[in-house]
Amino acid sequence: MPEFRTTPGFRDLLPPASTRQRAFVDVFAGLVERAGYDLVVPPMLEDIGVFERLGKATDVVTKEMYDFVDKGDRHVVMRPEQTASLCRAFVEHRPPTPWKVWYAGPNFRYDRPQRGRYRQFDQVDVEVLGTDDPEADVEVISLGWRLYEHLGLRQVTLAVNSLGAGDDKARHLEALTSFLSQHAGDLSTLSRDTLARNPLRVLDSKRPDDAEIVAAAPTIDQFWSDESARHFDAVLAGLRAIRIPFVVQPRLVRGLDYYVRTAFEYVGGTLESAQNALGGGGRYDGLVEALGGPPTPGVGFALGVDRTLLACDDEGVFPPPSRSVDVFVVDTTGGRHATVLADRLRASGWHVERSFDSRSMKSQMKSADRSGAEVAVIIGADEAASGTAVARPLRTDADQSTVELDVLEQHLDSILTTVAPVRDASR
RNA sequence: GUGGGCGUAGCUCAGCUCGGUUAGAGCGCCAGGUUGUGGCCCUGGAGGUCGGGGGUUCAAGUCCCCUCGCUCACCCCA
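Since this is a predicted model, take the numbers as computed values, not measurements.

Colleague: Help me get a handle on unusual backbone geometry, residues and values and all.
Modeller: The step from proline 15 to proline 16 runs through a cis peptide bond, and the omega angle for that step is 5°. Residue phenylalanine 318 is not a glycine yet carries a positive backbone phi of 55°. By the secondary structure assignment, phenylalanine 318 is in the loop between α11 (305-315) and β12 (327-331).

This is how it looks when you write it as structure tokens:
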């Protein structure tokens, strides 16, 4: 074993996983930017206060944060999520509303790593701040859904609920707490602990022992105010209007206090474990205010990149993009010709590779083959002396030919267009 | 934080049950067969503190203890 390794829960992303992750973010960025969302890049380090406003479940949550005191005696934290950072940025800069933004980047949580969960993990998210129009909820939910469609995932379920707001949310919580307390004896030990900490989350229990009590517990839909019901109906109607299928799930909850009204989750169909949520979000109308800003409604979602890619693996979709090398320059005269020619051909827009260390022609040809290049351009002593190069197709039976260096591009064009249909249009 | 599985070559693993010469295979890498040409094939080569420490023993990759790491699940999930 090497002396130094990544610390627990952290990892190096190497190809092809790294290129696939970037391709994933590219798909996401293209999708949301077409919808008018702008990139905002908040720092990874925040004052811990930003995340202590997330609600009373904070005690538990704090234990899983990467926090420390820096050299200036500031208590800081590697951000555990992006939404609160973006809301902090909103308060700090007060941009015009509605503020439609997206971001993709790493977050940190100090918990035990397992499948699809690392201490540093990437999420992509969108947020809309400054409007409580239910159509904004619909737009946000649709963007997540369309992303899964673009990726080719078919076994994703959209679950939606309304958590209510203000009085109706409070009355439901009261009724739920009282009901669960009365039946605490019938709950699993673990759920009794959860009840003491965060009663809403008991509804999320997947333990068979709890099924009966959870099924009988009062659900939020019995407590909705007219306003909450109207908002939720509008969201559902909007989803129907753009033909996005959903399941209303009255027991869907969110762990943090700031969520109100719309809550939703995208649930994967292939991950059979207790954590099959690929992503989720909802309305957080009180968060900006809690961070010291003006009353500002907000809605957004965050999707776990690792978990979504795992779901892609399970469904056999979204493979990593393959490199397509156009030309491999083989130079047996020391390598300088390869340097010059590679530079020249790259400037013309081709994907060009070469080898180093003056290796044998056989070795360089082998590298050329393995690079996947369409054509090997070979320069040996004879070619160097006569100002020519040999162009040898590697993927067809066509003969190689010797061409003058000043017409090399033309020649490559003629053989590459028949072999490789599209060349980089930006050249 | 709790529990299970696993740590042997760059990678995937065999060897451990029942301790016994220089610790193996496939893939990958390098070179040669072909003194200027990839793929397929053949030959050769480099590459190992058997995760680390301690113990038992004449002898430990193999048995025992501890430890670190990986992994899966639970807990938690913003």
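Colleague: Could you give an account of the side chain of glutamate 383, with specific residues and numbers?
Modeller: Among the secondary structure elements, glutamate 383 is positioned in helix α14 (residues 381-386). Buried within the structure, glutamate 383 lacks any salt-bridge partner; its nearest side chain of opposite charge belongs to arginine 392, at an N-O separation of 11 Å. From its side chain, glutamate 383 meets the backbone nitrogen of glycine 380 in a polar contact 2.9 Å long. When near neighbours in sequence (up to four residues on either side) are disregarded, glutamate 383 contacts Ile378, Thr388, Ala389 and Val390.

Colleague: Any chance you could break down empty space enclosed by the protein for me, citing the residues and the numbers?
Modeller: Evaluated as defined, the whole model comprises 1 cavity of 30 Å³ or more. Of the pockets and cavities examined, the largest cavity occupies roughly 50 Å³. Lining of the largest cavity is provided by Asn161, Leu163, Lys169, His172, Leu200, Leu203, Ile220, Pro250, Leu252 and Val253. Taken together, the residues of the lining of the largest cavity break down into 7 nonpolar, 2 polar and 1 charged.

How each quantity is defined
Residues numbered from 1 in each chain as written. Chains lettered and ligands numbered in written order. Predicted model: local features only at pLDDT ≥ 70, side-chain atom pairs only at ≥ 80, totals over all residues. Heavy atoms only, no water. Helix = DSSP H or I, 4+ residues; strand = E, 2+ residues; numbered from the N terminus. Buried < 20%, exposed > 50% of the residue type's maximum accessible area, 1.4 Å probe, protein only. Lys, Arg positive; Asp, Glu negative; His and termini not counted. Salt bridge = Lys/Arg side-chain N within 4 Å of Asp/Glu carboxyl O. Polar contact = N/O pair within 3.5 Å; in protein donor to acceptor, adjacent residues only side chain to side chain. Contact = heavy atoms within 4.5 Å. 1 Å grid on protein atoms, 1.4 Å probe; cavity = no way out; pocket = protein on both sides within 12 Å on 5 of 7 lines; lining within 4 Å. Points joined across faces, edges and corners; volume = space filled by probe spheres on them. Nonpolar A, V, L, I, M, F, W, Y, C, P; charged D, E, K, R; others polar.

This is a description of form; function is not addressed.
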